[in-house]
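Coordinate inspection notes
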Amino acid sequence: MDTRAQEGLNNRRLDDRGADGCLASEETPPTTRAPPNGLSAAAIALLPDAVGVFAAVYDGAGALVDFEWMLANHAAETLIGRSALVGLRLRGDGGDNRCSGLFAGLAAALDGPVTRTLSANMGGGNRARWRLSATPFPGGVCATLVDLGPDAPSMAETLATALEHSAESFALFDADDRLVHATGRLKQFLPELADLLVPGVPFEALVRRAAQMDGGLPTDPERERWVKARLAHHRQPDKPFTLRAQDGRWLLVSEHPAADHGVLVIYADVTPIKRNEERLRAREAEARAARRDAERASRAKSEFLALMSHELRTPLNAVLGFSELLMSEAFGPLGNPRYRDYAADIRDSGAHLLALIDDILDLSRIEAGRLPMANEGVDLTALSAQAIGMVRDKAVEGGVTLRADIARDLPMLLGDPRAIRQMLLNLLANAVKFTLSGGTAMLTATVTPDGGIGIMVADTGVGIPASDLFRIQEPFERADVTIARDTDGAGLGLPIVKRLVELHGGRLELTSEIAVGTSAVLIFPASRSLPRGLCPPLPITPRGNR
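From a predicted model like this one, the values you see are computed outputs, not experimental measurements. (Residues numbered from 1 in each chain as written. Predicted model: local features only at pLDDT ≥ 70, side-chain atom pairs only at ≥ 80, totals over all residues. Heavy atoms only, no water.)

On to a positive patch on the surface. Residues Arg244, Arg275, Arg279 and Arg283 make up a contiguous surface patch of positive charge. When residues of the positive patch are assigned to their parent elements, the largest contribution, 3 residues, is made by helix H9 (residues 271-328). Examined against the element boundaries, Arg275 turns out to sit in helix H9. Classification of Arg275 by relative accessible area gives partly exposed; the value is 46%. (Patch = residues over 30% accessible without salt bridge, like charges linked within 9 Å, V, L, I, M, F, W, Y side chains within 5 Å. Areas by Shrake-Rupley, 256 points an atom, 1.4 Å probe, with all protein chains shown as cover. Salt bridge = Lys/Arg side-chain N within 4 Å of Asp/Glu carboxyl O. Lys, Arg positive; Asp, Glu negative; His and termini not counted. Charge placed at Lys NZ, Arg CZ, Asp CG, Glu CD. Helix = DSSP H or I, 4+ residues; strand = E, 2+ residues; numbered from the N terminus. Buried < 20%, exposed > 50% of the residue type's maximum accessible area, 1.4 Å probe, protein only.)

Another point: the packing of aromatic side chains. Any two aromatic rings considered together are summarised by their centre-to-centre distance and by the angle between their planes. Overall, the coordinates contain 4 aromatic pairs when judged by the stated rule. Between Phe54 and Phe67 the ring centres are 6.4 Å apart and the planes differ by 80°, which places this aromatic pair in the edge-to-face class. Taken together, the residues Phe54 in strand E1 (residues 50-58) and Phe67 in strand E2 (residues 64-72) connect sequence positions 13 residues apart. Phe67 shares its class with Phe54; the two are buried. For the cation-ring pair, Arg91 lies above Phe103, with the distance from its terminal atom to the ring centre recorded as 4.1 Å. If you follow Lys274 out to its NZ or CZ, it ends over the ring of Trp250, 4.6 Å from the centre. (Phe/Tyr/Trp six-rings, centres within 6.5 Å; stacked < 30°, edge-to-face > 60°. Lys NZ or Arg CZ within 6 Å of the ring centre and 35° of its normal.)

To continue, consider the sheet that holds strand E9 (residues 250-257). A sheet is described by the order of its strands in space; here 5 strands give the open sequence E7-E6-E10-E9-E8, paired in antiparallel fashion. What marks the edges here is a single partner per strand, and that holds for strand E7 (179-182) and strand E8 (241-244). This sheet shows a mean twist of 25° between the axes of neighbouring strands, independent of strand direction. The sheet contact formed by strand E6 (residues 169-173) and E7 spans 3 bridges and is antiparallel. Each bridged residue has a counterpart across the sheet, and for Phe173 the counterpart in E7 is Leu179. This element, helix H8 (residues 220-235), spans E6, E8, E9 and strand E10 (263-269) of the sheet and lies at about 45° to E9. (Pairing = 2+ DSSP bridges. Axes fitted to C-alpha atoms, helices over the stretch in contact; angles between N-to-C directions. Contact = heavy atoms within 4.5 Å.)

The next point concerns the side chain of Glu77. Mapped onto the secondary structure, Glu77 falls in helix H3 (residues 74-80). Despite being buried, Glu77 has no salt bridge partner; Arg82 is the closest side chain of opposite charge, sitting 9.6 Å away. With near-sequence residues (within four places) excluded, Glu77 lies in contact with Arg82, Ser83, Ala84 and Leu85.

Attention now moves to the pairing of strand E17 (residues 517-524). Burial within E17 is extensive, with 8 of its 8 residues counted as buried. With burial as the criterion, each face of E17 is covered, one bearing Gly517, Ser519, Val521 and Ile523 and the other bearing Thr518, Ala520, Leu522 and Phe524. Examined bridge by bridge, strand E15 (residues 453-459) and E17 share 6 bridges and lie antiparallel to one another. Across the sheet, residue Gly454 finds its bridge partner in E17, namely Ile523. Note: strand E16 (residues 507-513) against E17, 7 bridges, orientation antiparallel. The residue of E17 that forms the bridge with Ser512 is Thr518. Remark: 3 residues form the turn of the hairpin made by E16 and E17, two consecutive strands paired antiparallel; Ala515 in that turn has positive phi of roughly 70°.

Here we take up helix H13 (residues 493-503). Of all the 11 residues making up H13, 8 are buried; the element is thus mostly covered by neighbouring parts of the structure. Residues of H13 that are buried: Gly493, Leu494, Pro495, Ile496, Val497, Arg499, Leu500 and Val501. Buried residues along H13 sit in contact with helix H10 (338-367), helix H12 (417-433), E16 and E17. Positive backbone phi, approximately 80°, marks Gly505, located one or two places after H13.

This part covers the pattern of salt bridges. The final tally for this structure, using the stated rule, is 13 salt bridges. Among the ionic pairs, Arg230 bridges to Glu255, the shortest N-O distance being 2.9 Å. With a gap of 25 residues between them, Arg230 in helix H8 and Glu255 in strand E9 connect regions that are remote in the sequence. A single burial state applies to Arg230 and to Glu255, both of which are buried. Residue Arg296 pairs with Asp293 through a salt bridge whose shortest N-O separation is 2.2 Å. With a gap of 3 residues between them, Arg296 and Asp293 both fall in helix H9, about one helical turn apart. Judged by relative accessible area, Arg296 falls into the partly exposed class, the value being 45%. Residue Asp293 is classed as partly exposed on the basis of its relative accessible area, which comes to 41%. Bridged by salt links that share partners, the residues Glu204, Arg208 and Glu224 form one connected network.

This is how it looks when you write it as structure tokens:
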């Protein structure tokens, strides 16, 4: 007998008192009851099944301690394995040696009709199954026992046992929507319904209890709406849904039609999955908020830089203009020749600062999405020659050889000519800057296998550490300046190139090796390639005429 059954028996108290209304005292022997009127040994002897009438026996404190055989037919004596059962105690006289669960079944029948299968020891290592059907009467129990044969579980019993060990729980309802069977795990999932999960309870009763216990349904109208929706879903099962249990767990409920118009309800604990989903949603919300904050900060920074660049560029134009005016001595000689040198230094410094401000202004416009982009047919042969010409003086000064190799059949490039020229100019300027005297910088352009256009600027310079290749593509980031011969610049050239090529739907690929050189490749998609005969190349406007 299991622990819960034993506790129930130990806690049982006499419900039906004697005629004088008193319980037996500790000094008096255990109390028994008379058999129900109209029953006799002669009547039950004719029945083929084992039949017994038992009187409940209580101790002086009113606790159930045993059952006494009041009537028993021959079939019962044969099944129990003892003759003359009448007057014997079930436990006290060893009447339950063959079936230790018989006492618990009879005790349960005191509260109402019971039908259950018991396991009996028939001796010699053989076991059998008995079906007990018992009904209470005042003071005792009438019972029948049927020998079901060897104790080999049926397929249904085997399946029921297997389901008890499943991670999911199951409930089967018949055509009248009454519970046929529920696994023990369901009582763990739904403890508020545990006392109702017995065969025969209507599904609606379970639903109404659940609605009554749900703190999220505080009013009667809300509970009624929920009950109506739940019953409708149960009668016409659709897709699975999640249910929040009283203990906070999440259950996935799926309902399926069963045989004989019944319904099988499956409950699966999906609490870990739901919690992971909630954490994921929270992280996504945090990420979206952080992204919005970063975008706002980036826009604010870009707008600020654009404003400051514009405000600085205006007075710098005046500085450049007046310095050139002094150098030309338009209004007469300056006197001391050093004044001309000073004016030249002012002009050169101003020009360098203006170029830096132009880069900042371009980058801020790109990041703010305010840089106007044209779509024109660009002749890369002419544009490359112009870009090389703009850095030739710097290359000659540093002893760097410039070369170009443009494919003859290269298509026109659909894009913004000023932006493409700036990309080439920035890459060539970097190649010259980071190449030592006697080295080479080369510009090549060709058609890629997918029909796009690839432009590469390669040098034999000092190279860039692999750890810096991605970092230097961000604004104001620079490689290890100790390896370069000339390190002026603010670290904006590559970031501008990267963003401009991305605005054309392309990408920048950067590779480098220390003491070998660096290759920067601009890859434009096939949609940017135009047949040379489709449109004539447009003239390239110098950078200063923006």
